[in-house]
Amino acid sequence: MKLVFATHNQHKLKEIQALLPKNIQLLSLTDIGCEEDIPETAPTIEGNAILKAKYVAERYGYDVFADDTGLEVDALNGAPGVFSARYAGQQKSDTDNLALLLSNMKGVQNRKAQFRTVIALSLDGALHTFEGIARGSITEAPIGGNGFGYDPAFLPEGYTQTFAQISADEKNRISHRGKTFEQLLRFLKERARNAS
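The name an unreviewed UniProt entry assigns to the chain is dITP/XTP pyrophosphatase, from the organism Capnocytophaga haemolytica. Heading Sequence similarities (unreviewed entry) of the UniProt record for the chain holds this comment: "Belongs to the HAM1 NTPase family." Quoted verbatim from the Subunit (unreviewed entry) field of UniProt, the annotation for the chain is "Homodimer."

Structure representation (structure tokens):
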């Protein structure tokens, strides 16, 4: 089965390929020749995931899933949220985004935050959505060299190390994205079982 993951992000692609059963061939936007920037103009994380999935399904004719993720910080009224990738501006720089977040959190007592991922799957013309949340808090400074994005400043609940300090396997197990993809995989496996 061929399935498109609507991303150019190689980090995400690797994370997901490691979780998929062998009978699913995962293709990226690059693999299908989609080089344009898919508009992410929805006011919500879920809305953006749906926009991306529909865009690829309608224009390229593939079964596709798209995800959108946001870091939602309590003290910042849920920001950066839907703007997580471009929090510090359109250049979409992980370094700038992280620096702005930590600067905005200087001296703030309530450091509670959560990562939220929504996946929209367009399969055989039907749309399905899945959601995963990882709760935690924002550190005072970045710690760790693994991961990407806000990982060095996110301390998951019940852990003493940030997402950027733990192994990729451990992160997949407990992360918002890992939880959401688990639901997606369960759904795909169930569907395959029912079809056979």
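A. Here's a closer look at the pairing of strand 1 (residues 2–5). Bridge count for strand 1 against strand 2 (residues 25–27) is three bridges, and the pairing is parallel. In the sheet register, V4 faces strand 2, and the bridge partner there is L27. What joins strand 1 to strand 2 is helix 1 (residues 10–17), and the crossover it makes is right-handed. In terms of strand pairing, strand 1 meets strand 3 (residues 64–73) through two bridges, oriented parallel. By the bridge assignment for strand 3, V4 is matched with V64.

B. Focus on helix 5 (residues 176–195). Over its 20 residues, helix 5 runs 29 Å from end to end, which matches the ideal 28 Å to within 8%, given 1.5 Å per residue. Three or more residues of helix 5 are buried, namely H176, R177, G178, T180, F181, L184, L185 and L188. Where helix 5 is buried, its residues contact strand 1, helix 1, strand 3, strand 4 (112–123), strand 5 (126–138) and helix 4 (168–174).

C. Broad picture of the environment of A53. Along the polypeptide, A53 turns up in helix 2 (residues 45–60). Contact partners of A53, with chain neighbours within four places excluded, come to V64, A66, A120 and S122.

D. Quick peek at the pattern of salt bridges. Counted according to the given criterion, the structure contains nine salt bridges. In this structure, D124 engages R191 in a salt bridge whose closest nitrogen and oxygen atoms are separated by 2.5 Å. Here R191 lies in helix 5 and D124 lies in the loop between strand 4 and strand 5, a separation of 67 residues in the sequence. Between R186 and E182 there is a salt bridge, with its nearest N and O atoms 3.9 Å apart. Of the two residues, R186 and E182 are both situated in helix 5; the distance of four residues between them amounts to about one turn of the helix. On the accessibility criterion, R186 (53% relative accessible area) is exposed. Residues joined in a network through salt bridges with shared partners are E40, K52 and D68.

E. Looking closely at the environment of G132. The residue G132 is located in strand 5 in this model. Under the relative-accessibility criterion, G132 is labelled buried at 3%. Residues G132 and N97 lie 35 residues apart in sequence; the distance between their C-alpha atoms is 22 Å. Those residues in contact with G132 that lie beyond four places of it in its chain are F115, R116, T117, H176, K179, T180 and Q183.

Cut-offs applied
Residues numbered from 1 in each chain as written. Predicted model: local features only at pLDDT ≥ 70, side-chain atom pairs only at ≥ 80, totals over all residues. Heavy atoms only, no water. UniProt positions renumbered as here; feature names shortened; annotations may be inferred. Pairing = 2+ DSSP bridges. Helix = DSSP H or I, 4+ residues; strand = E, 2+ residues; numbered from the N terminus. Right-handed = clockwise from strand over helix to strand, strands pointing away. Expected span 1.5 Å × (residues − 1). Buried < 20%, exposed > 50% of the residue type's maximum accessible area, 1.4 Å probe, protein only. Contact = heavy atoms within 4.5 Å. Salt bridge = Lys/Arg side-chain N within 4 Å of Asp/Glu carboxyl O.

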